[in-house]
Every structure is written in C-alpha cells, then in structure tokens.
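# Understanding the architecture of this molecule
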Amino acid sequence: MSTLPLTLDRSADTSLSAQLSSQIRTRILEETLREGDRLPSTRALASELGTARSVVEQAYSQLVAEGWLTGRHGSGTFAASPGLPRSSSPAPVRRPPAPAPVLLDAGTPFIDPRHAAGWRRAWREVSTATPPRGYDDPRGIPELRRLLADRLAHTRGLRCDPEQVIVTAGTTDGLRQLLGVLPPGAFGVEDPGYRSAVATAHMAGREVRDLPAADPGGWDLAGLAAAYTTPAHQHPLGHVMTASQRLDLLERARRSGTLIIEDDYDSEFRYDVAPIPALASLAPEQVGYLGTAAKSVGPSMRVGWLVAPAELTDRVNARRLATHDAVPWPVQRAFVALIRDGYLDRVIRSARRVYAERARRVSETLSPYATPSSPSPAGMYTTWLLPQREAVRAREAALAAGYQVNLLADYCRSAELTGLLVGVGGVTDAQLDEALAALVAGLTRP
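The paragraphs below set out a description of the structure included in this document. (Residues numbered from 1 in each chain as written. Predicted model: local features only at pLDDT ≥ 70, side-chain atom pairs only at ≥ 80, totals over all residues. Heavy atoms only, no water.)

Next up on the list: the overall build of the protein. Along the backbone of the protein there are 13 helices and 15 strands. On C-alpha atoms alone, the protein measures out to a radius of gyration of 28 Å, which is more than a quarter above the 22 Å that the 2.2 N^0.38 rule sets for 446 residues. Based on the C-alpha atoms only, the size of the protein along its principal axes is roughly 85 × 65 × 45 Å. Looking at the protein residue by residue over its 446 residues, the buried ones come to 49%. A sequence separation of at least 24 residues applies to 72% of the contacts in the protein between residues at least 6 apart. When the accessible surface of the protein is totalled, it reaches about 21000 Å², and 53% of it is carbon and sulfur. The protein carries 50 positive and 48 negative side-chain charges, and their two centres are separated by 5 Å. (Helix = DSSP H or I, 4+ residues; strand = E, 2+ residues; numbered from the N terminus. Rg over C-alpha atoms; globule rule 2.2 N^0.38 Å. Buried < 20%, exposed > 50% of the residue type's maximum accessible area, 1.4 Å probe, protein only. Contact = heavy atoms within 4.5 Å. Areas by Shrake-Rupley, 256 points an atom, 1.4 Å probe, with all protein chains shown as cover. Lys, Arg positive; Asp, Glu negative; His and termini not counted. Charge placed at Lys NZ, Arg CZ, Asp CG, Glu CD.)

Enumeration according to the criterion identifies seven aromatic pairs in this entry. With centroids separated by 6.4 Å and ring planes inclined at 20°, the aromatic side chains of tyrosine 194 and tyrosine 228 adopt a geometry described as stacked. On the criterion of sequence distance, the pair formed by tyrosine 194 in the loop between β6 (186-191) and α7 (195-203) and tyrosine 228 in strand β8 (residues 224-229) is long-range, its members being 34 residues apart. A relative accessible area of 1% places tyrosine 228 in the buried class. Taking 5.1 Å as the distance between ring centres and 80° as the angle between the ring planes, the aromatic pair formed by phenylalanine 269 and tyrosine 355 counts as edge-to-face. Placement of the pair is phenylalanine 269 in the loop between β9 (259-263) and β10 (287-292) and tyrosine 355 in helix α11 (residues 343-366), with a sequence separation of 86 residues. For the pair phenylalanine 269 and tyrosine 355, a shared accessibility class is recorded, and that class is buried. Above the plane of the ring of tyrosine 411 lies arginine 195, whose end atom (NZ or CZ) is 4.0 Å from the centre. (Phe/Tyr/Trp six-rings, centres within 6.5 Å; stacked < 30°, edge-to-face > 60°. Lys NZ or Arg CZ within 6 Å of the ring centre and 35° of its normal.)

Attention now goes to the sheet that holds strand β1 (residues 38-39). Strands sit in the order β1-β3-β2 across an open sheet of three strands; the sheet is antiparallel. Only two strands of the sheet have a single partner each, and these edge strands are β1 and β2 (69-72). Across four bridges, the pairing between β2 and strand β3 (residues 76-79) is antiparallel. Counterpart to threonine 70 in the pairing with β3 is phenylalanine 78. Helix α3 (residues 53-66) contacts β1, β2 and β3 of the sheet and is inclined by roughly 105° relative to β2. (Pairing = 2+ DSSP bridges. Axes fitted to C-alpha atoms, helices over the stretch in contact; angles between N-to-C directions.)

A word on the sheet that holds strand β4 (residues 102-104). One open sheet accounts for five strands, arranged β4-β14-β15-β13-β12; its pairing is mixed. Strand pairing shows two members of the sheet lacking a second neighbour, β4 and β12 (371-372), which therefore form its edges. Looking at chain direction, strand β13 (residues 381-385) and strand β15 (residues 419-423) are connected through five bridges and run antiparallel. Each bridged residue has a counterpart across the sheet, and for threonine 382 the counterpart in β15 is valine 422. Strand contacts of α11: β13 and β15, with the helix running at about 20° to β13, the strand carrying the most contacts.

This next bit is on unusual backbone geometry. That bond from aspartate 191 to proline 192 is cis: its omega, -5°, falls within 30 degrees of zero. Residue placement: proline 192 occurs in the loop between β6 and α7. Here histidine 235 and proline 236 are connected by a cis peptide whose omega angle stands at 15°. Within the chain, aspartate 266 stands out as a residue other than glycine whose phi angle is a positive 60°. By relative accessible area, which is 2% here, aspartate 266 ends up buried.

Our next topic: the pattern of salt bridges. Opposite charge on two side chains permits pairing when their charged atoms draw close. What the rule picks out here adds up to 24 salt bridges. The partner of arginine 340 in a salt bridge is aspartate 341, and the shortest N-O contact between them spans 2.9 Å. A residue is classified by how much of its surface remains accessible, and aspartate 341, at 36% relative accessible area, is partly exposed. Sharing partners across several salt bridges, the network here consists of Glu125, Glu143, Arg333, Arg340 and Asp341. (Salt bridge = Lys/Arg side-chain N within 4 Å of Asp/Glu carboxyl O.)

Turning to the layout of surface pockets, a few remarks are in order. Within this model, the largest pocket holds a volume of roughly 410 Å³. Along the wall of the largest pocket there are 26 residues; nearest its centre are Arg151, Thr155, Arg156, Glu268 and Ile348. Every element with two or more residues in the lining of the largest pocket is listed here: α5 (142-156), β10 and α11. (1 Å grid on protein atoms, 1.4 Å probe; cavity = no way out; pocket = protein on both sides within 12 Å on 5 of 7 lines; lining within 4 Å. Points joined across faces, edges and corners; volume = space filled by probe spheres on them.)

This next bit is on the nonpolar core. Side chains of nonpolar character tend, in soluble globular proteins, to be buried together. Ranked by size, the top nonpolar core spans 84 residues in total, and within it Phe335, Leu366, Leu420, Val422 and Leu439 carry the most contacts. The element best represented in this core is α11, accounting for nine residues. What leucine 420 contacts, discounting residues up to four positions off in sequence, is Thr382, Thr383, Trp384, Leu386, Ala391, Ala394, Arg395, Val405, Asn406, Leu407, Leu408 and Leu439. One finds Leu175, Leu182, Ala226 and Ile261 within the second-largest nonpolar core, a separate group that totals 21 residues. (Core = buried A, V, L, I, M, F, W, Y, C linked by side-chain atoms within 4.5 Å.)

Compared with the 20 Å implied by 1.5 Å per residue over 14 residues, the 20 Å span of helix α1 (residues 16-29) between its first and last C-alpha is a close match. Burial in α1 covers these residues: Ser17, Gln19, Leu20, Ser21, Gln23, Ile24, Thr26, Arg27 and Ile28. Of the surrounding secondary structure, the elements contacted by the buried residues of α1 are β1, α2 (42-49), α3, β2 and β3. (Expected span 1.5 Å × (residues − 1).)

Here we take up the packing of α11 against helix α13 (residues 429-444). Two numbers describe a pair of packed helices, the interaxial angle and the distance between the axes. Where α11 meets α13, the axes come as close as 10 Å, and the angle between the chain directions of the two elements is 20°. As judged from the angle between their axes, α11 and α13 are roughly parallel. When you trace α11 past α13, the crossing you get is right-handed. In this structure, α11 uses Arg358, Arg361, Val362, Thr365 and Leu366 to contact α13, whose residues at the interface are Asp429, Leu432, Asp433, Leu436, Leu439, Val440 and Leu443. (Parallel < 35°, antiparallel > 145°, perpendicular 65-115°, else oblique. Left-handed = near helix turned anticlockwise from the far one by under 90°.)

Below is the structure:
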C-alpha cells in the first residue's frame, strides 16, 4: 500500500476521510488494488499520511459498508470486488471539472456584506418564534401583508388593503397564480422580454403573443386575457414606460377587457431620481401587480407579493387554499424582520450606489464599441446594441476569461435585436474590470 500515491489536501472543502475513501475507491476501480489485496493497518496508514488514526478508520468503515473493502477479524482489511465488469483497457483519467464561469447576468444582486448582521438577526428571531400549529394562511402571514401594503403605498404609490396582498414565492409564482384563474385567451408578453414569463405561460397552456417592447403604443390587445409588461425598467432593453404610454395602455386594456400584469422589475434601482410610481397605482382594478425580493434580498429566498383586482384575488386565494399552496412560514417570518428592522432598505440603498458606479464604468468601457439600448440609468445590468457577430465574439472572449455574459438575441422571439447584457451585481469590482477587458479584447480582435 505504501507504493500507492495517496495524498490528503487539508485546504480542501472535502473532509480528509472522504478524500481517503475516494482515492482508495478509485484505486480499486483502476485495479491498482485488486480483490484480496491487503491494505495497511489504520495505525500504519495514519502514520504514513500524517493524520489521525480516526480519519483512516472512518474511511475504511465507509468503504466496508459500501462493499469496496472487507474486514477479516484478526487478519486485516482487504480490497473486495466491486462487482463491476473487468476491462483490459486502462481506466480513463478523471480530471476535476472546470470551474464554472462567473455570471454577469441580469438577476444576481449585489448584497453588501456589511449588512450580514441584520440577516443573521432575522433568522435568529425565526428560530425562537412559535410556528403555526396547522397549515399556513395561503394569503401569507398577516404581519407581512400589513408591512407590504404599507411599503407599496410609501415606495410605489400603490394604496391597497393588507387583505388584497398575497405573499408568493416570487414573480413567476405570482404569474402562475394569475394565469390559473384568468378566463381563456392568449397571453401577451413584451418582445424581447422576460424568458421565464414566456415559459410560465407555455406551461400553463397559454398561447403567447409577442408585443413589441420598443413600441407599447402599438400593442394589439384584442383577444388577450392578459398582457405582461415591465414598465419601470423594461427587461431587457431598460426603457421606462412614459406617463402617456401608461395611460394609453390602460385605456386600451379597459376597452379590450385585458388584464395588465405589471412586473415591477428593478423599480427600486433608479440611479437618478426616485422610483416612478407603479402602473397599478393608476388603475388598480385593471392591473395585477407583481413584486419580488429576488433583486434586493436575493433570488434564493423565494418570496414575492401579488396585488390584483378583488375578483381575481378571491379566486387565487380559493385555489391556494384548496391546494395548501403557501410560502414557507420561516421565510415569511424572516422577511418580516428584514423589512421591519430596516435591512431591506439598507441593502437596496447600498446596492443602488454600487450599481450606479459600476454601470458608469461599463458605459465608459463599452460606449466606443456599442450603443446603449436605453438612456435611463437603472437596474443591475446594462444592455448594449451591436451586430450579432461582434456580440458573439465578445461573449466568447469573456467566456474564455472565465466570465459569462448573455446575448440580447436570446431574449428575442420575433424581434431582431442583437447585442449584450452586462450584469454588474454578482461580481466584485476586480472581476468586472477583468470581464470588461475581455469583452473589449473580443470586440477589437480582427
């Protein structure tokens, strides 16, 4: 056994016993260790590797349990047959997988680590709270709905009663709930637009009709059960729907009987002025409003909110009650604390400053080579128009450097727009600089 190249990496995330058992397992598969070969004693191998005897004992015990080793009382530990077919060809060399590229996407937020204490306090509070004895209220816990109603009135100009607020597992969950109670009809979605909204509609059995994102005044709403829009910061082009466009859209929706579904995407991340009031604040009886904590607290928390016309709200609540569909109680309790104690406002303020500075650096770097899709400064990414061939070349150069940047064409269905989406939330300043240098190298390569 001393001739086998066994090594332990004490800086690795994997435990020493798991490393050892994995290496022995590999030796048996490669037939470096054959059935019946005796392994050194736990004491001897521990001494050879410079580790505690318990590490070797744990590895041996695991491999015996899996059938790779057998232990004979008084005789030692031996390699067993794994029961696999033997091959005369050498086993392939197993190389560690390549590291995943760093995402410069439109959905990974920046969370200032200086606010970590507030996050931990919220979850400590959850750990000491008394959970409900039965199933959760499908609408969400009352305290959270009250906080959300107050917040929507204060930050988005949307005045609603807490009874109108439904806590969801995020934007697509809220959309799924609405699609499940709407009358038959096609579903309009901005093009280019939010890909998950299109996928959700397809999975709900809805026909999807493309609505040109750059021209909301030209939307044909006839025959649509609902139309999905991101008026605060059009995803992915970044346009802000003007006041006249909003009023015109609501009037045409009233005439056609179409529900407008407002995804209040990136509304909290305006750099220049205060957030524009929600579309739903102008006509709450015509709009289903969707909000989420994904861009502020983080996507993995899976919490959002829905405010819809009363009739639809009743239908959604009845449907969720019948299916026991509710956001987990611990998540809701933690989110209550994050709002109440100011954590949510702090992370939004700090992220807004970071996004503004990083967006400026992206603009200074890419403006000689591409055209911004919108002059409106907002959000955690910027979109740049350029020919598809150049966009692909830049994307490949970034990927070769370890960074993944999305193509605008991937957000289009019938629209013929090409370019790049450059996210600034999920990277460090140094990583952003490296990614931008790679993009420029790709754009300037002959």
